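Overview (structure and organization)
Next come the chains, spelled out residue by residue.
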Amino acid sequence: MKETVSSLHYFTIERSIDWFTQKHQQTTRTLLLSKESIVTSEHTFSLEHVLDVSYRPFSNGTGLFYLHTNRGVFTFGVKEDPNEFIRSYKRLKGDPFSI
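What you are looking at is a predicted structure, and each value in this text was computed from that prediction instead of being measured. (Residues numbered from 1 in each chain as written. Predicted model: local features only at pLDDT ≥ 70, side-chain atom pairs only at ≥ 80, totals over all residues. Heavy atoms only, no water.)

**Observations regarding the pattern of salt bridges**
- What the rule picks out here adds up to four salt bridges.
- Its salt-bridge partner being K23, residue D18 comes within 3.5 Å of it at the nearest N-O pair.
- In this structure D18 comes out as partly exposed when scored by relative accessible area, which is 38%.
- When its relative accessible area of 42% is taken as the criterion, K23 is described as partly exposed.
- The salt bridge involving K90 is made with D52; its shortest N-O contact spans 3.6 Å. Note that K90 is positioned in helix α1 (residues 83–92) and D52 in strand β5 (residues 50–57), a separation of 38 residues in sequence.
- Sharing partners across several salt bridges, the network here consists of E84, R87 and R91. (Salt bridge = Lys/Arg side-chain N within 4 Å of Asp/Glu carboxyl O. Buried < 20%, exposed > 50% of the residue type's maximum accessible area, 1.4 Å probe, protein only. Helix = DSSP H or I, 4+ residues; strand = E, 2+ residues; numbered from the N terminus.)

**With respect to the side chain of T62**
- Its location among the elements puts T62 in the loop between β5 and β6 (63–69).
- Of note is the side chain of T62, whose polar atom sits 2.7 Å from the side chain of N60.
- Not counting residues up to four positions away in its chain, the partners in contact with T62 are Y55, P57, V78 and K79. (Polar contact = N/O pair within 3.5 Å; in protein donor to acceptor, adjacent residues only side chain to side chain. Contact = heavy atoms within 4.5 Å.)

**Some thoughts on α1**
- Regarding α1, the residues found buried are F85, I86, S88 and Y89. For α1, the angular spread of buried residues about the axis comes to 160°, placing them on one side.
- Close packing links the buried residues of α1 with β1 (4–18), β2 (21–34), β3 (37–39), β5 and β6. (Arc of directions from axis to C-beta.)

Pasting the structure below:
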């Protein structure tokens, strides 16, 4: 089993309409960063295929975490600050400016 270097909780929202009522189901999931890959609930990305990660905060305390890959950009809603996850990723990729 791969050793987890860092993790980040994200949420998904499933919307459904039942008669005349719109319902929202929020589910919390986890991104796992290892020395070889980033794993989501639906995908596994080899670190060699991850080009960058970034984050955009919102004023309500949530934000969007972006995973830039060779297959496109994947977006994850987050409620926590992902800076430790981002720093861990950059250290693994050999970024000389990550502390």
